[in-house]
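Architecture at a glance
These are the residues of each chain, in order.
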Protein chains: 2
Amino acid sequence: MLFFTQCFGAVLDLIHLRFQHYKAKRVFSAAGQLVCVVNPTHSLKYAPTRCAAVQTSVEQGVLPPCHHHEAVHDPQLVPCTCPLFSCPWEGHLEVVVSHLRQTHRINILQGAEIVFLATDMHLPAPTDWIIMHSCLGHQFLLVLRKQEKYEGHPQFFATMMLIGTPTQADNFTYRLELNRNQRRLKWEATPRSVLECVDSVISDGDCLVLNTSLAQLFSDNGSLAIGIAITTSKVHNAEAEM
Amino acid sequence: MLFFTQCFGAVLDLIHLRFQHYKAKRVFSAAGQLVCVVNPTHSLKYAPTRCAAVQTSVEQGVLPPCHHHEAVHDPQLVPCTCPLFSCPWEGHLEVVVSHLRQTHRINILQGAEIVFLATDMHLPAPTDWIIMHSCLGHQFLLVLRKQEKYEGHPQFFATMMLIGTPTQADNFTYRLELNRNQRRLKWEATPRSVLECVDSVISDGDCLVLNTSLAQLFSDNGSLAIGIAITTSKVHNAEAEM
């Protein structure tokens, strides 16, 4: 009996998932766009000291030194860039992607344009929704975070980071788009490098910021669909020259 | 001597204004776009009772009754829609525009696309920046408001309202665009009617919302340039059908 109940639950989950996929596809109405359902993870890590160390290193033009074993100072080593976990891992920039996939089970999606469907938006802050996005020969990390910058006033922050250096990041532009109920909100910016800390990007507010009320307007049944597109930033450079 | 000092001040103001025009034009880099410098006005009016009355009337499908002289109940009469002043005026929808121009000196601009340049963004909340926009045979009211929804945490709210009925408003889409420093933020929505209260639109958060940090990122020397475009909403309807 228990077995049948569980099977029935799993089938219901699958139907719900399929329905969410369908809805997100319909909202963005773009043939061939990948829809990725991203479940939330309660944020465990808030370690400002680590961020401060990373930030200082980036500003000084060197890759961040190890912060867990103070004796090691190999500038090629990067601490784990996943903003979710207090992870002792460190490694070269080239193996960050495989670490995030294997250890933290973060999905990676291919394609120039994808739809990120964050579920359970009602969960209390702090909560993160994270995927990796492989595009134009590089890997990007999309972080959606629910956080209370001001007590009792949770907000949603969405940003995209390149798994690469700040110089490489300057070559790209990312776009996040919300589209529902005859309302549309678009944010376009240059991605930051994962060598800069996602916490500092969010505390600076240099990302897509949504109040709870706006997030609810764009949500459908507790899920928020964010269209993501990445381009090379030649257009931006051309505009700057004009 | 005083005369010369004042003249010199006026010339400096003109040069500063010209420079702001030039910068806003360069940012939006669109030939033929009108740039309107909008000075702030400290908000005097916060009368929730009036708004509640208007809101109830709109929901019931009738135009709001007079709230200053309770005896008058002509459903064709609209109280002054200017969100700035506690104004006792009331009149028919057709003469709202001339009232706003003549009594409250609100500028009106022609053109499908204009740039709204709000000055002195640093002024404390509550502050409003307002213009009217004449386009596609109708007049719209653009309101940018700095308000503290949460104490000590001022935010900017921008919305566009049609000086017409809610049914007429449904035929249009407005777009507000911020563009600076390789960042771009776009908000698209159906305008509300001035018969609905601007205060309730802002308290619902159904508009472009900017934190102080984001507003600073998009501001240039204390001024925020907002590109405005209005279209008929056929595109939206086509999308909804897809």
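Residues numbered from 1 in each chain as written. Chains lettered and ligands numbered in written order. Predicted model: local features only at pLDDT ≥ 70, side-chain atom pairs only at ≥ 80, totals over all residues. Heavy atoms only, no water.

Looking at an unreviewed UniProt entry, chain A carries the name E3 ubiquitin-protein ligase, with the source organism given as Fregetta grallaria. In the Catalytic activity (unreviewed entry) part of its UniProt record, chain A is described as follows: "S-ubiquitinyl-[E2 ubiquitin-conjugating enzyme]-L-cysteine + [acceptor protein]-L-lysine = [E2 ubiquitin-conjugating enzyme]-L-cysteine + N(6)-ubiquitinyl-[acceptor protein]-L-lysine." Reading the Sequence similarities (unreviewed entry) entry of the UniProt record for chain A gives the comment "Belongs to the SINA (Seven in absentia) family." (UniProt positions renumbered as here; feature names shortened; annotations may be inferred.)

**Digging into the overall build of chain A**
Looking only at helices and strands, chain A features seven helices and 15 strands. A total of 242 residues make up chain A; the buried ones form 51% of that total. If you take every contact in chain A between residues at least 6 apart in sequence, the share linking residues at least 24 apart comes to 62%. (Helix = DSSP H or I, 4+ residues; strand = E, 2+ residues; numbered from the N terminus. Buried < 20%, exposed > 50% of the residue type's maximum accessible area, 1.4 Å probe, protein only. Contact = heavy atoms within 4.5 Å.)

**Topic: the pattern of salt bridges**
Following the criterion strictly, the structure yields 16 salt bridges over all chains and no others. The partner of A:Arg175 in a salt bridge is A:Glu177, and the shortest N-O contact between them spans 3.8 Å. Among the residues examined, A:Arg175 registers a relative accessible area of 26% and is labelled partly exposed. Note on A:Glu177: relative accessible area 11%, which makes it buried. Because the salt bridges share partners, they merge into one network encompassing A:Arg183, B:Arg192, B:Glu196 and B:Asp206. (Salt bridge = Lys/Arg side-chain N within 4 Å of Asp/Glu carboxyl O.)

**A word on the relation of the copies chain B and chain A**
Put simply, the two copies of the chain differ by a rotation about an axis and a shift along that axis. Of the transformation superimposing chain B on chain A, the axial component is 0.0 Å and the angular component is 180°, with the fit at an RMSD of 0.0 Å. Overall, the copies show the geometry of a two-fold rotation axis. Using C-alpha coordinates, one finds that chain B approaches the rotation axis most closely at B:Lys186, a distance of 2.5 Å. Looking at the interface residues of chain B, 100% of them are also at the interface in chain A, so both copies use one shared face. (Least-squares fit on C-alpha atoms with pLDDT ≥ 70 in both.)

**Considering helix α3 (residues 96-104) of chain B**
Residues and elements named next belong to chain B. Inspection of α3 places Val-96, Val-97, His-99, Leu-100 and His-104 among the buried residues, and these make up the whole buried set. Projected onto a plane normal to the axis of α3, the buried residues spread over an arc of 165° and lie on a single side. Contact partners of the buried residues in α3: β4 (90-92), β5 (108-110), β7 (127-135) and β8 (138-150). One or two positions beyond α3, positive phi appears at Arg-105, with a value near 55°. (Arc of directions from axis to C-beta.)

**A word on the environment of B:Pro191**
Residues and elements named next belong to chain B. Looking at the secondary structure, you find Pro-191 in the loop between β11 (183-189) and β12 (192-193). Residue classification places Pro-191 among the buried positions, given a relative accessible area of 4%. Linking Pro-191 and Met-161, residues 30 residues apart in sequence, is a C-alpha distance of 5.0 Å. Contact partners of Pro-191, with chain neighbours within four places excluded, come to Phe-140, Met-160, Met-161, Leu-162, Ala-169, Phe-172, Thr-173 and Tyr-174.

**Considerations on the interface of chain B and chain A**
If you look at the interface, chain B gives 32 residues, while chain A gives 32 residues. At the surface where chain B touches chain A, the tally comes to two salt bridges. Between A:Asp206 and B:Arg183 there is a salt bridge, with its nearest N and O atoms 2.6 Å apart. Across the chain B-chain A interface, the total number found is 10 residue pairs in polar contact (both at pLDDT 80 or more). Those elements that provide at least two residues to the side of chain B that touches chain A are β8, β9 (153-162), β11, β13 (208-211), α6 (212-218) and α7 (234-241) of chain B. For the side of chain B that touches chain A, the element with the highest residue contribution is β11(B), accounting for seven residues. Residue composition of the side of chain B that touches chain A, by class: 11 nonpolar, 11 polar and 10 charged. Pairing geometry for strand β11 (residues 183-189) of chain A and β11(B), over five bridges, is antiparallel. The partner of A:Trp187 across the bridge, within β11(B), is B:Leu185. (Polar contact = N/O pair within 3.5 Å; in protein donor to acceptor, adjacent residues only side chain to side chain. Nonpolar A, V, L, I, M, F, W, Y, C, P; charged D, E, K, R; others polar. Pairing = 2+ DSSP bridges.)

**What to know about the packing of aromatic side chains**
Residue and element names in this part refer to chain B. Counted by the stated rule, this structure contains six aromatic pairs over all chains. Note on Phe-140 and Phe-172: the rings are 5.3 Å apart at their centroids and 85° apart in plane angle, and the pair reads as edge-to-face. Highlighted residues: Phe-140 in strand β8 and Phe-172 in strand β10 (residues 172-180), separated in sequence by 32 residues. Of the two residues examined, Phe-140 and Phe-172, each falls in the buried class. (Phe/Tyr/Trp six-rings, centres within 6.5 Å; stacked < 30°, edge-to-face > 60°.)

**A few points about the confidence of the model for chain A**
All names here are of chain A. This prediction gives chain A a mean pLDDT of 75; 65% of its residues lie at or above 70. Contacts from residues 45-73, a stretch scored under 50 in pLDDT, to residues over four places away or in other chains number 44 contacts. Note on the complex model: pTM 0.76, ipTM 0.75. (pLDDT = per-residue confidence, 0-100.)

**So, the UniProt feature "domain: Seven-in-absentia protein TRAF-like" (unreviewed entry) in chain A**
The UniProt feature table records "domain: Seven-in-absentia protein TRAF-like" (unreviewed entry) at residues 134-228 of chain A. Structurally, residues 134-228 of chain A comprises 19% helix and 58% strand, and the distance from its first C-alpha atom to its last is 12 Å.

**Focus: unusual backbone geometry**
All names here are of chain A. In this chain, Ala-125 is followed by Pro-126 through a cis amide linkage whose omega measures 0°. A positive phi is found at Asp-120, a non-glycine position, where the angle reads about 55°. Tracing the chain through its elements places Asp-120 in the loop between β6 (113-118) and β7 (127-135).

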